[in-house]
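# Observations on the model geometry
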Amino acid sequence: MRKSEGLLKSGQCTERHKTIDRGKRKTFFFECLPKVSGYLLLTLTLSLFICYGAYSQATAISVTGRVTDTRGESLPGVTVRVKNSTESTSTNNNGIYTIKVPSPASVLVFAFIGFDKVERAVRNNTTLNVTLQESNSELDEVVIIGYGSVRKGDLTGAVGSVKGEDLVNNNPISVNQGLQGMIAGVEVNRNDGAPGAGISMTIRGANSFSGSEPLYVVDDIPVTSAGISGDAGNSADDAKQTVNPLAFLNPQDIESIQVLKDASATAIYGSRGANGVVLITTKKGKVGKDKVEFMVNTGVSSITNRLELLGAYDYAIRGNEARLNYNRYEDGTLGLLWPGRVQIDEATNLVSYKPKPEDFLTGVPSGSLTYPEGFTGTDWLNTILRNAVSQDYTLRISGGTEKGTYSLSGNYTDQQGIIKRSGYKRYGTQLNIGRKVSKLFELGINTNLNYANYQMVKTNTVQTQSNVMNDAMRYAPTNVFDDPYSDLREEIAAASRISNPYKSVMNMKDETRSVRVYTTGFAQLNFTPSLNFRQRFGYNYNSNERENFYGRDVHQGRPPINGRASEGEEATRQLTLESLLSYNKKFGTKHNVSAVAVASFEDANRKRYEIKASGFPTDINENFNIGSGLVQQTPQNRKEENSLMSFLGRVNYGYMSKYLFTVNFRRDGSSKFSDQNKWANFGSVGLAWTASEEMFIKDLNMFSFLKLRTSYGSTGNQGINPYGTKYQMISVNAPILDLVQSGFALNKNNMVDQGLKWETTYQTDLGLDMGFLKDRLSVTVDVYRKRTEDLLQTMAVAPTTGFETRLTNFGTVLNEGLELSVYGAVIQNPKFNWKVNGNIAFNRNEVSGLQGDQFLRLYTGMESAMVLRNGQPIGSIYGMVEDGFYDNEAEVRADPRWRTLPDDRLKSKIGEIKYVNVDGDAEGVISASNDRTVIGNTTPDYTFGLTNTFGYKRLTFSFFVQGSIGNDILNTNSLALRMGERDNFPKFAFDGRWTEETAATATWPRLTAGTNREMFFSDRNVEDGSFVRLKTVNIGYTFNSKKLFASTIYVYGSANNLLTFTNYSWYDPDVNSFAADASRRGVDMNAYPNSRTFNFGIRASF
Amino acid sequence: MKKIINLKILALAMVFLTGSCEKALEEKPYSFISPEQMEDSPEAMNLWMNGVRSTFLRDGFFRYEVFNRPYEMDCDDITGNRSFYNQTGSGNFGNADDLRGYWSSLYLLIGRSNYVIPSLNSMSNVERDEIDNAIGELNFYKAWAYFTLVRAFGPVPLSKTSVVYGEPANLPRSSVAEVYAYIIEILKESEAQLFARTNAKYKVGMISQEAAKTMLAKVYLNMASGGLSGAQLTVMGGPHKNAAGQRLTSIPLQVTKDVVAGHESFNAAEYFRLARDKAKEVIDVADPGLISVAGAKVGLINNWNNLWSKASRGKAEHLWMLYSEQGKDNNGMVLTYHYCGQYDAEGRMLAGSGPMGLSDHWYDLFEETDRRIRDGVIHKFTMNNNAKRWYPAKEQTPTTSPDPETLNLYKTKYGYDDPSFRHASGDQGIARVTKYLDVTDKTLRRTDAPYPFLRYAETLLIYAEAANEVDDITEAVSKLNQVRFRSEATPVEPGDFDKVSLRSFILEERRRELALEGNRPWDLRRWGIYLQVMNAIGNDNNNIVKSREQKHLLFALPIVEITGNTEINENNPGW
């Protein structure tokens, strides 16, 4: 056959290519290129003839009939095929089909997704009505894999799937949020609890330091997203607030999600497949009647866990105790902070009654100028929290005929945050159109237009910046809510970067407007039923525009600053072009071959700008007239560009669906590397044996399905910023006398490594798919071993080099794991059913091949809180180890650390933390340079998710439990607890403070008014972050009556985050301040607290 | 739609058919340039130079308000709000982030200078003496950076060229003597390379030969005083308060100096002589009288206020100043905020601003008519809560409402004319200097106040100190009196002193003259009297811990160096 000759040619091209030695490979490619394209054109022309020939067959008998489900409803879109022939059709809107069969001996095959396949012999019938049964088995489902699709039963790779309807059951606002706990080996972390905040995902353990986020592919095209620019009040590099890259997708628009995990599945994505690939397919119209669907969800959220802080009484007691201790142990000046007498108030300069602690119990007596009568304190956390209301509406109209389908949906989401003036709004449309113009030609386009508005409050910032969560914790409860002297008090507090949390929230503005245009499309030429050419394109535009204003009432903008404003925008544009030639053919009854060859080109650029000013004449204009600010900061902008070119191919071969074989190859060229390392090759081999097709297994009568899979292959990572191999002269101005002059200086950020190259992951996977009892119970087990070499990492270099970091390749990470997924229809009864869907994943991770320890910076002042060390996992926390407290002078004297301390100062160490002398030096020196060790690990031992679904008649009830066990959290918030005289803190620290009486049980050092306490980063700041959470409880009822105006109405009520079991002391253990950065996972930095939500919703279809 | 798709196919096919993969994968920079794109011209040389100069205003130097904390705060005289002093200010070096910025910024300055020198040397379109002058400035920066490092950390790695040119990324620490030898080597080069102030090509405001000579004299002096053994000094100091918290006046402390670690091999007498001679070279070309600022020639400016006026910046007495751009996050310094306070539109001082002041003990070092406290200290100020304050308490009657007679006395003497101004107490009761106050806009946190790294007055004091040590008391006193005369302090007589008392007096004069210009911590250290003086205080008036131990004689290396440098595996002793 001529077609197969064509394919052979392409195979030769690939073969030849493989044998060519490394040096010649590149030149070969350029020679090969015109050949590839010439080949494409040739095939194109040839195929035109072939396919016209293919449709001129004559037929004998015409068979017609109606296909229904068990309830007697028509099933449109069912594929009806003549067995062992290419002849096929599908049912129309009324479930009616007509097909011509060659002879009465012919057999018709009726296939429809989600239903058991039925085969019927034609014999002498001209009418064949068929009833299809809904299947338990998912094996016949067609799943999308990269650059193609395959029957689930024929997969050789490890692929996890989630259906759209399962996704929306947990009421997620975003798609990636909805995946939490759903798929074995897929770990989803919320960055924090802010509406619309970023979410990060790790598949099968972290294996890269330059970001372990998987590649997201929506409707066949990879997604890139813009970050957000800085704000007026803080420097850009310390702003950790993130927005979700997948927020533009409405979960209601999702048809299915496939997560590609092993090399057999991901190698087709070559240089970007190393972290796994998430393929997201949006809903297309279905052949059949036009369908109108309406979904509405409303909810009320409140904080899941409130940190208990000191009330005014305890706070005042603490202030006095701190002063007394200071005098007693450190010879500090005595003077009670809360004396209960008339004195000059330090903030207001008024002579006024300063209360004693007890006054806050009984109410401050009258006559105080600075406190209202009866004042008992302010709960500042309460002043910024609220019960937040959310609403989510989706309307979809879809339908189609054999000629084409359409789906149009609109979505409006308004999610209030539990902190006042924070929230997220989304307006989106998804328009998917597919059209079969002729048997030869079809095309489709999927367009997502999305506008989102993030209203943010300052959370998730490093500890050295002001932040409302920190403010709410530390702002004194003795301050009056509507204090007329608030400004003066705040200025004193502002020295420690604390401000009135209520004012901060109410008088600052931080809005990000995100615009997204995401268009993917294709045109396809079907040369024959088995050979087609598809040209894909994708255009992806994302702009995040951020506006920021601090008015005169907040300390960042208070006179004489007179308001501070900034505007900035970051935008990415990405164009993807892909040409695919696909071939799919069954030879005889036994051999099944499918192959695809692709050329792909991607070009992306990123632009950002930022303008800032302060000193405004008025607050009225906010950030809308930056030019009116007297103090203008230098405007900043930047443009970056990168491109990726790839050639790839895959061949699947199946023998009787029993032995399955997949081979992948991809060659990628990236602009990010220097000429010597621009190109790299990736590939994989996958094998599967469907043992249940073997007679000896069938004879066991135990398995309804049994498949053994294995794969090996390589994938890469190039997740670095452009220009990593270039020294950069950056513009820097320098004032000389009164004149500011231009200058150029070498960027200190990167000590360039010219030999920078691709990071490569080699993965072996062994999987077993088992089905029992007609697939009522199915179990999938996978074990894998992933070895990532030449890690791309930014290593800290000695400051003596004049550089801070070096982007280079070194080190190896090994991930080994076990994944187990179980699906069981435990009870299947027409009236009552119970389904269980669970997964659990174990992953071990180890770093090797480093020349020495590599340290990871959290923020200024936390330069090396985490370590990469040979033999230790990624996410190792590095710090001091504590050994209780010094309870008396003798104990201080006994410690060689204080041997040179004069006798009269020994007492100053009583009640202070004792650190373990890890290096054991005789002088007892305690130093961060020699006495730190690994004190924790943020990687969980295992994560799991379990969904139970019960159906009783038309009532459904489900609950979803999810958990993460064995992971530590690096709680930077507790670093703020220095037990001083001011700044509020949690009650547990107060209750655990060291005093002479509580010395035996103390958990925190003594209170002091002194400021030179030395507290190291230690195991105190590392906590067990394990949690088990009742994530969703859902109860719903389906009305299904023709009498109603709608054909089905599903009404439900649900609760999210109802219960959480954890020992974590702070707000929520599901926290991840460094977003997608896998090496610094599990850090809590003033995270926006998580919320508990009660929802009510309706899904109706007409 | 179809049309667009076809166009894309066409575009893709074009890419393939032309085989232009190489081009498609080229990395094009948009927002920076590559070093090769720097030209060979006087303008390009200026761009290179400004790139290095900009380093002072960034990150660990002055942008994050870091540099002057280790540089200034670890000494007896400075005081203020104690929460500002919790790191280097109270001896917590082990955990101090300030020290990371300090170390890294100095090495960034060195690294950038090293990187630029060969590029300047290879220029052919710039006159040779212009190139030399520029390299002289870079050598000056390098020498100062190493001088600042070695005084603070002891032995430090010597990076003499750039890692970009193949220097190893991991350098071991060189001994104190080796570091000083290198400092002297490059300062001598610098001295020969830089234009003198009188050279027609000298640009006002820039570093001149005189600055290099003074820096060299300062280095010699440092080596000499550190190496001198067994010498006696009298320092005014002692506890700031008694057990009841009442303020105490200073007492003379008789101390015997220690030899500074690493300075044992230095011949003190020889280096004092070198210091004197080098300072003399500058004095010989300087204007012997008091000058107004118009002239570019080196010399003392005629009075204290003119010295710190905007018009004097970078001229005459100011041998090296670091300039600032007001309001800018990148280029503005916070010196006014730190040392003088920040003010609102009504001229009221913001609470919490001005945390770096001087103690009563320092104030007591002066005669009451000395311009350095009469004009040099902020006496009368209003806080933004309208509290009216006067500093110091001793210049005001003890009661809040003085009788008319006393009021009149203080009015004529000190300008204290309003009984509603109560004396400042607590951490507001500190002497804030006026050095950083003549700025364009005092309401800004970042103002245009420059940092006075080196002044001719110090050249004279270096000379005086060195001359005394080589037994020329008369010469020493004459130069000392030049400095005192400008501030209307009573001249002193050679007959009033012996070697020890003059040594002590000159050190005290440095305390008076150069207060809060980054000298006192280093004077204490180089004279080997740091522990003696600090421990005599204990906790100061504002409860800042001044007690120190042996380990405090050297700063702790920042952890980033120890973890990032394979040649350095341990910290300074005790850290």
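Above this text is the structure in question.
Computed from a predicted structure; not experimentally measured.

### Structural notes on unusual backbone geometry
Looking along the chain, the bond that leaves proline 559 of chain A and enters proline 560 of chain A is cis, with omega of 10°. Mapping proline 560 of chain A onto the fold places it in the loop between strand E25 (531–550) and strand E26 (564–587). Cis peptide bonds are those with omega within 30 degrees of zero, and the linkage from tyrosine 391 of chain B to proline 392 of chain B qualifies with 0°. Even without being a glycine, asparagine 349 of chain A presents a positive backbone phi close to 65°. The topology assignment puts asparagine 349 of chain A in the loop between strand E18 (341–344) and strand E19 (351–354).

### Let's talk about the sheet that holds strand E10 (residues 380–382) of chain B
Each strand in a sheet pairs with another by means of backbone hydrogen bonds, the pair being arranged parallel or else antiparallel. Residues and elements named next belong to chain B. An order of E10-E11-E12 is seen for the three strands of this open sheet, with the pairing classed as mixed. With one partner strand each, in any of the chains shown, E10 and strand E12 (422–423) form the two edges of the open sheet. Pairing between E10 and strand E11 (residues 388–390): three bridges, direction antiparallel. Residue threonine 382 lies in a different strand from E11, and its bridge partner there is lysine 388.

### What to know about the sheet that holds strand E1 (residues 61–68) of chain A
Residue and element names in this part refer to chain A. With mixed pairing, three strands are arranged side by side in an open sheet as E4-E1-E7. Strands with a single pairing partner mark the edges of an open sheet, and in this sheet they are strand E4 (96–101) and strand E7 (130–131). Sheet topology note: the E1/E7 ladder contains two bridges and is parallel. Looking across to E7, one finds that threonine 68 is bridged to threonine 131.

### A look at the pattern of salt bridges
Residue and element names in this part refer to chain B. Overall, the coordinates contain 104 salt bridges over all chains when judged by the stated rule. Between glutamate 281 and lysine 213 there is a salt bridge whose closest N-O contact spans 2.6 Å. Of the two residues, glutamate 281 is situated in helix H10 (residues 268–285) and lysine 213 in helix H9 (residues 209–227); the sequence distance between them amounts to 68 residues. Residue glutamate 281 is classed as partly exposed on the basis of its relative accessible area of 31%. Because the salt bridges share partners, they merge into one network encompassing Glu317, Glu367, Asp370, Arg372, Lys435, Arg455, Arg484, Arg486, Glu509, Arg512, Glu513 and Glu517.

### Some details on the interface of chain A and chain B
Contacts between the two partners involve 106 residues from chain A, matched on the other side by 100 residues from chain B. Both sides together, the interface formed by chain A and chain B hides about 8,800 Å², and carbon and sulfur atoms give 62% of it. Area buried by chain A at its contact with chain B is led by Met729, Leu737 and Thr800 of chain A, which between them contribute 8% of it. Between the two partners, chain A and chain B, sit three salt bridges. Ionic pairing is found between glutamate 863 of chain A and arginine 100 of chain B, a salt bridge with its closest N-O pair at 3.1 Å. With nine residues, strand E29 (residues 636–655) of chain A is the largest single contributor of residues to the side of chain A that touches chain B.

### Structural notes on empty space enclosed by the protein
Residue and element names in this part refer to chain A. Space inside the largest cavity adds up to approximately 520 Å³. What lines the largest cavity is a set of 40 residues, and nearest its centre among them are Asn171, Ile173, Gln177, Arg190 and Gln415. Split into classes, the residues belonging to the lining of the largest cavity amount to eleven nonpolar, 24 polar and five charged. Here the second largest cavity defines a volume of roughly 250 Å³. Lining the second largest cavity are 21 residues; nearest its centre among them are Glu187, Gly205, Asn843, Thr939 and Pro940. Of all the elements in the fold, those that place two or more residues in the lining of the second largest cavity are strand E42 (832–848) and strand E49 (942–952).

Cut-offs and rules
- Residues numbered from 1 in each chain as written.
- Chains lettered and ligands numbered in written order.
- Predicted model: local features only at pLDDT ≥ 70, side-chain atom pairs only at ≥ 80, totals over all residues.
- Heavy atoms only, no water.
- Helix = DSSP H or I, 4+ residues; strand = E, 2+ residues; numbered from the N terminus.
- Pairing = 2+ DSSP bridges.
- Salt bridge = Lys/Arg side-chain N within 4 Å of Asp/Glu carboxyl O.
- Buried < 20%, exposed > 50% of the residue type's maximum accessible area, 1.4 Å probe, protein only.
- Contact = heavy atoms within 4.5 Å.
- Buried area = accessible area lost by both parts, 1.4 Å probe.
- 1 Å grid on protein atoms, 1.4 Å probe; cavity = no way out; pocket = protein on both sides within 12 Å on 5 of 7 lines; lining within 4 Å.
- Points joined across faces, edges and corners; volume = space filled by probe spheres on them.
- Nonpolar A, V, L, I, M, F, W, Y, C, P; charged D, E, K, R; others polar.

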